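One letter stands for each residue in the lines below.
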Amino acid sequence: MENLTGKRPMSTLPRPTPDPTPHIPEVMHTGGIGGHPKGLSNLFFAEMWERFSYYGMRALLMLFMVAPVAMGGLGFEQKHAAQVYGNYTMASYMMCILGGFIADNFIGARRAVLVGGFIITAGHYTLALNSVWSFYTGLILVALGTGLLKPSISTLVGGLYSTKDQRRDAGFSLFYMGINIGAFAAPLVTGWLAQSEEFRAQLIQWGLDPLHAWHWGFGSAGVGMTFGMWVYVRRINWIKHIGDAPSAAHRRPWLKLCFVFLGTALLLTLMILSDTYTWIAYLIYALPPLAVIYFGLFRQDEESRRIAAIFVFFIAAVLFWAVFEQAGSSLTLFADELTRNEIWGKAFPSAWFQSVNSLFVMALAPVFAWLWIKFGTRQPSVPFKFALGLVFLGLSFLLMVPASQFTAAGKVSPWWLIAVYFLQTLGEMCLSPVGLSTMTKLAPERLTGLIMGIWFLATSLGNKLAGDLAGDFSSKDPAALSHFFSIQAMIVGGMTLLLFALVPWVKKLMGPHHHGHEAAHHHG
Ligand code: GLN
């Protein structure tokens, strides 16, 4: 028992770096909630607050941009606002590539979280100012800071466990719960500050301008992020054994940094241009399958094979997020226009459906954490879990087919959407925390941050694709609507079958120690 929880097995020791604390105290690896390493609770709360600020701000973003100037908004046209929104969410996840690279090669994950966190905080407070100039500056700062923080905080969680530790996926499930506590609470708080009559009246009472209520909302995101940084800095000694900067002997690759910077900028520009020139998007989406073929079939070394596996997961994840991230678009329109928004006789705003997913994650994350631990060495392999994630995702859109048909007779019950979000959350739990865990495990040590960046690139492209797909949504015609959902369910279904067929190959690509825990015993 001592050995399992206390020390990393020899084979997974990191390459030697001048570590000032080579003897890791036992307490670093246990002593936390549910027998997890103590550092997990630091990362759990820091990320909870970071996501509070991210989703709290995101909840206001669209509304603030389209609100008329006379109401304190920016008065943008809806189309322009949607573009800014789509490109902002895409950019903040795309910056993870650059941030991950900087963490790997220059400052280490622990410091990347710190620096990124300060930049994010500065961004939210900038958004609290009242001008168009500060608006764009704030967005850029939040996107850049997120790029530094988001991949690195996940890398740190991965660093708490050896690659063979049975608690690993469970740890990521708990971490994921922190994310969603923040995501659930944030819109309630920022929305109330920015939109409610009560708070406006309060501002008047204080002798302040009620039109600035939006900026109080953005400011509260900044306060949330400040809490996050406070938690992180206060407990930083719980994670001081992980996420160091590379040793001084490792030459700083400035030239490569320029390439990664230019590459990210180019990709971002191309994706923005693909709004006008669709063929650019097809070219970009063809690259990951080519990467699987190249690394999986034409290269023989272990590292390349693992990279091939990473790209298989990448493709599944892009598809997953492309459907899932329509929660804010297609499904919100369905909620707003075609759903009877009342439960047990009580009416509620359609926007509340946005919190349903986070609520389910909070309920299900402990269940999944327990499940993976209970299965222990018999738990399904990672590619199998991914395929399962797609099964639930496909089922969720399949459920939208009859729901759409019923709209012919008028608004439908809210339980349809609630069931849809339940299925999607089951899928999310099989794919998203498992994906985080797997990326940190498969990545060659010196590339962990970059590979996390690639994982979030899947979210970035998925968000963009979700926007494009949602363009075909039409609430007027039930037949067209059910077609809209059934087509997507079928595509997901087809990809799921393909992924199931690839499970044995992907397991081989991942190598004996990495694909879950059962194969070593059952094969042969
Ligand atoms: N909701 C999760 C988060 O904010 C997952 C986001 C994603 O990767 N699409 O971290």
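Our structure is the block above this text.
Calculation notes
- Residues numbered from 1 in each chain as written.
- Predicted model: local features only at pLDDT ≥ 70, side-chain atom pairs only at ≥ 80, totals over all residues.
- Heavy atoms only, no water.
- Helix = DSSP H or I, 4+ residues; strand = E, 2+ residues; numbered from the N terminus.
- Rg over C-alpha atoms; globule rule 2.2 N^0.38 Å.
- Buried < 20%, exposed > 50% of the residue type's maximum accessible area, 1.4 Å probe, protein only.
- Contact = heavy atoms within 4.5 Å.
- Areas by Shrake-Rupley, 256 points an atom, 1.4 Å probe, with all protein chains shown as cover.
- Lys, Arg positive; Asp, Glu negative; His and termini not counted.
- Charge placed at Lys NZ, Arg CZ, Asp CG, Glu CD.
- Near = heavy atom within 4 Å.
- Polar contact = N/O pair within 3.5 Å; in protein donor to acceptor, adjacent residues only side chain to side chain.
- Nonpolar A, V, L, I, M, F, W, Y, C, P; charged D, E, K, R; others polar.
- Salt bridge = Lys/Arg side-chain N within 4 Å of Asp/Glu carboxyl O.
- Phe/Tyr/Trp six-rings, centres within 6.5 Å; stacked < 30°, edge-to-face > 60°.
- Arc of directions from axis to C-beta.
- Expected span 1.5 Å × (residues − 1).

S.K.: Explain the overall build of the protein residue by residue, including any values.
M.R.: A tally of helices and strands in the protein yields 17 helices and 2 strands. Relative to the globule expectation of 24 Å for 524 residues, the C-alpha radius of gyration of the protein, 23 Å, shows essentially globular dimensions. A buried classification covers 55% of the 524 residues belonging to the protein. Sequence separation of at least 24 residues holds for 80% of the intrachain contacts in the protein that already meet a minimum separation of 6. Here the protein has roughly 23000 Å² of accessible surface; of this, 69% comes from carbon and sulfur atoms. A distance of 9 Å separates the average location of the 35 positive side-chain charges in the protein from that of its 27 negative side-chain charges.

S.K.: Before we move on, could you go through the site of the ligand and cite the residues and values that matter?
M.R.: Around the ligand, a shell composed of Arg 51, Tyr 55, Tyr 93, Lys 150, Tyr 176, Ile 179, Trp 321, Glu 325 and Thr 459 is seen. A distance of 2.8 Å is found between an oxygen atom of the ligand and a side-chain nitrogen or oxygen belonging to Arg 51. A distance of 2.5 Å is found between an oxygen atom of the ligand and a side-chain nitrogen or oxygen belonging to Lys 150. Protein chains bury 95% of the 290 Å² of accessible surface belonging to the ligand in isolation. Elements with a contribution of two residues or more to the shell around the ligand: helix 2 (39-66) and helix 5 (168-195). For the shell around the ligand, the residue count by class is 5 nonpolar, 1 polar and 3 charged.

S.K.: For the pattern of salt bridges, give the residues involved together with the corresponding values.
M.R.: Following the criterion strictly, the structure yields 9 salt bridges and no others. Ionic pairing is found between Arg 110 and Asp 244, a salt bridge with its closest N-O pair at 3.0 Å. Of this pair, Arg 110 sits in helix 3 (residues 78-127) while Asp 244 is found in the loop between helix 7 (213-234) and helix 8 (254-273), placing the two residues 134 residues apart along the sequence. Taking the relative accessible area as the measure of exposure, Asp 244 reaches 31% and is therefore partly exposed. Note that Asp 275 is salt-bridged to Lys 464, the shortest N-O span being 2.8 Å. In this pair, Asp 275 is assigned in the loop between helix 8 and helix 9 (278-298) and Lys 464 in helix 15 (residues 448-470), connecting sequence segments 189 residues apart. On the accessibility criterion, Asp 275 (34% relative accessible area) is partly exposed. In the salt-bridge network here, residues are joined through shared partners; they are Glu 47, Glu 50, Arg 51 and Lys 150.

S.K.: Report on the environment of Phe 76, specifying residues and quantitative values.
M.R.: Its location among the elements puts Phe 76 in the loop between helix 2 and helix 3. On the basis of relative accessibility, which here comes to 16%, the residue Phe 76 falls in the buried class. Each C-alpha atom, one on Phe 76 and one on Met 62, is 9.5 Å from the other, the two residues being 14 residues apart in sequence. Discounting residues that sit within four places of it in the chain, Phe 76 has contacts with Met 65, Val 66, Ala 81, Phe 135 and Tyr 136.

S.K.: Give a description of the packing of aromatic side chains that names residues and reports values.
M.R.: By the definition in use, this model includes 32 aromatic pairs. Ring centres of Phe 199 and Trp 216 lie 5.7 Å apart, and the angle between their planes is 70°; this geometry places the pair in the edge-to-face category. Of this pair, Phe 199 sits in helix 6 (residues 197-205) while Trp 216 sits in helix 7, and the two are 17 residues apart along the sequence. Judged by relative accessible area, which is 5%, Phe 199 ranks as buried. When the ring of Phe 368 is compared with that of Trp 372, the centres are 5.7 Å apart and the planes differ by 70°; the resulting orientation is edge-to-face. Residue Phe 368 and its partner Trp 372 are both found in helix 12 (residues 356-375); the two are separated by 4 residues, about one turn of the helix. With respect to burial, Phe 368 and Trp 372 carry one shared label: buried. Through a chain of ring-to-ring contacts, three or more aromatic side chains come together here, namely Phe 64, Phe 76, Phe 135, Tyr 136, Trp 214 and Phe 218.

S.K.: Describe in detail helix 11 (residues 330-338), supporting the description with residues and values.
M.R.: Inspection of helix 11 places Ser 330, Leu 331, Phe 334, Ala 335 and Leu 338 among the buried residues, and these make up the whole buried set. One side of helix 11 carries all its buried residues, which in axial view fall inside an arc of 140°. Buried positions along helix 11 lie against helix 13 (382-406), helix 14 (415-442), helix 15 and helix 16 (478-510).

S.K.: Describe in detail helix 8, supporting the description with residues and values.
M.R.: Since there are 3.6 residues in each turn of an α-helix, residues three or four apart along the chain are aligned in direction. Spanning 20 residues, helix 8 covers 28 Å between terminal C-alpha atoms, matching the ideal 28 Å at 1.5 Å per step. Residues Leu 257, Val 260, Thr 264, Leu 268 and Met 271 constitute the buried set of helix 8. The buried residues of helix 8 occupy an angular sector of 70° when the element is viewed end-on, so they sit on one face. The exposed set on the far side of helix 8, more than 90 degrees from its buried face, consists of Leu 255, Phe 259, Leu 262 and Leu 266. On the buried face of helix 8, the contacting elements are helix 3, helix 9 and helix 15.

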